[in-house]
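# Coordinate analysis (summary)
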Amino acid sequence: FASFGYTLFITVSSVAAILLFCSMFAWYITRVRSWVTKALYLLCAFSMVVPFQMVMFTLSSLADSMRISFFGLYTLRFNTPWMLWFVYLGFGAGLAVFMFCGFMRSVPLEIEEASMIDGCSPLQTYFKVVFPLLKPTMVSVGILEAMWIWNDYLLPYLVLDLKRFKTVPIAVQYLRGGYGSVDMGAMMAMLVLAITPIVVIYLFSQRYIVSGVMAGAVKG
């Protein structure tokens, strides 16, 4: 169950980071019109077409060497589950920003201007006015990103220290023994553990995916 816990933490933390930071970023580049924000939007859109295989070796070596130190007392390395969300934030930002920008263009600017007149700061405007309006797209982006991160095998395999941490997809692979032998009981149990949560989430939330995508499809 340690692998299940690592996978759950990575998925929840990564999706939360993607929803928060990407929605704020999309709000900024949508409302601030300049060549810089246009370039940032095109950069996010371009990141969706870059194959992961082009950067995986550089990414794995960078994750092995990078670390964050807190006042010199505690150090977090990027090859642990506690910091893997940062890597997923970079790879998941392209789709998330693209969808959030599409929805933000359909939100009337007058709503935000009214909140500014009432004395709201930019952060208060975002969290009290913009954030509640983003709910349909938030749900859609959250489901799509969660399905990708939960089932991802290659990125954790390249980044994590496999001697200490294994996600569920990696643990399934390690259940194979020598000479092709497989513990079928443990294998089937692990596959059910890997498939059931994401299938249940998808079945109960699939209608929100279409509504969230269509929410930003028409500007009105």
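Residues numbered from 1 in each chain as written. Predicted model: local features only at pLDDT ≥ 70, side-chain atom pairs only at ≥ 80, totals over all residues. Heavy atoms only, no water.

### Concerning the side chain of Asp152
Using the following cut-off: Put simply, DSSP marks the helices as runs of H or I at least four residues long and the strands as runs of E at least two long, and each gets a number from the N terminus on. Relative accessibility thresholds used throughout: buried, under 20% of the residue-type maximum; exposed, over 50%; partly exposed, between the two (1.4 Å probe, protein chains only). Positive charges come from Lys and Arg alone, negative charges from Asp and Glu alone, with His and the N- and C-terminal ends not counted. A pair is scored as a salt bridge if a Lys or Arg side-chain nitrogen falls within 4 Å of a carboxyl oxygen belonging to Asp or Glu.
You can see Asp152 is positioned in the loop between α7 (135–151) and α8 (154–159). Nearest to the buried, unbridged Asp152 among oppositely charged side chains is Lys166, at 17 Å.

### Remarks on helix α2 (residues 35–47)
The criterion, for reference: Every helix has an expected span of 1.5 Å times one less than the residues it contains. In this description, the arc belongs to the directions extending from the helix axis to the C-beta atoms. Contacts between residues were defined by any pair of non-hydrogen atoms, one from each residue, lying within 4.5 Å.
Here α2 spans 18 Å end to end across 13 residues, near enough to the 18 Å set by a 1.5 Å rise per residue. If you check which residues of α2 are buried, you get Thr37, Tyr41 and Cys44. Relative to the axis of α2, the buried residues are bounded by an arc of 60° and lie together on one face. Away from its buried face, by an angle of more than 90 degrees, α2 presents the exposed residues Trp35, Lys38, Leu42, Leu43 and Phe46. The inward-facing, buried residues of α2 abut α1 (2–31) and α4 (84–104).

### Here we look at helix α6 (residues 122–133)
Compared with an ideal rise of 1.5 Å per residue, which puts 12 residues at 16 Å, α6 spans 15 Å between its outermost C-alpha atoms and is within 8% of the ideal. Of all the positions in α6, only Thr125, Tyr126, Val129 and Val130 are classed as buried. Down the axis of α6, the buried side of the element spans an arc of 125°, and every buried residue falls inside it. Exposed residues on α6 whose side chains face more than 90 degrees from its buried face are Leu123 and Lys128. Each element contacted by the buried residues of α6 is listed here: α1, α4, α5 (109–117) and α7.

### A closer look at the packing of α1 against α2
Basically, it comes down to this: Every axis corresponds to a line fitted to the C-alpha atoms, with the helix fit spanning only the stretch in contact, and the corresponding angles, defined between N-to-C directions, vary from 0 to 180 degrees. Oblique is the label for any angle not covered by the other classes, which are roughly parallel (under 35 degrees), roughly antiparallel (over 145) and roughly perpendicular (65 to 115). Crossing handedness is read from the near helix: turned anticlockwise from the far helix by less than a right angle, it gives a left-handed crossing, and turned clockwise, a right-handed one. The classification used treats Ala, Val, Leu, Ile, Met, Phe, Trp, Tyr, Cys and Pro as nonpolar, Asp, Glu, Lys and Arg as charged, and all other residues, Gly among them, as polar.
In the contact formed by α1 and α2, the axes pass within 9 Å of each other and the chain directions differ by 135°. Relative to α2, α1 is oriented oblique. In the packing of α1 onto α2, the handedness of the crossing is left-handed. In this structure, α1 uses Phe25, Tyr28 and Ile29 to contact α2, whose residues at the interface are Thr37, Leu40, Tyr41 and Cys44. Partitioning the contact of α1 with α2 into residue classes produces 6 nonpolar, 1 polar and no charged.

### Details of the nonpolar core
Condition: Note on terminology: a nonpolar core comprises buried Ala, Val, Leu, Ile, Met, Phe, Trp, Tyr and Cys residues joined through side-chain atoms within 4.5 Å.
Ranked by size, the top nonpolar core spans 44 residues in total, and within it Cys22, Phe100 and Leu134 carry the most contacts. Sequence-distant contacts of Leu134, defined by excluding residues within four places in its chain, comprise Ser23, Phe100, Phe103, Met104 and Tyr126.

### Quick look at a nonpolar patch on the surface
Rule in force here: Patch membership is restricted to residues that have no salt bridge and whose relative accessible area is over 30%. Joining uses 9 Å for like charges and 5 Å for the nonpolar side chains Val, Leu, Ile, Met, Phe, Trp and Tyr. To be clear on the numbers: accessible area is Shrake-Rupley with a 1.4 Å probe, and residue cover counts the displayed protein chains and nothing else.
A surface patch of nonpolar side chains, amounting to about 540 Å² of accessible area, comprises Phe46, Met48, Val49, Leu95, Phe98 and Leu144. Along the polypeptide, Met48 turns up in the loop between α2 and α3 (56–65).

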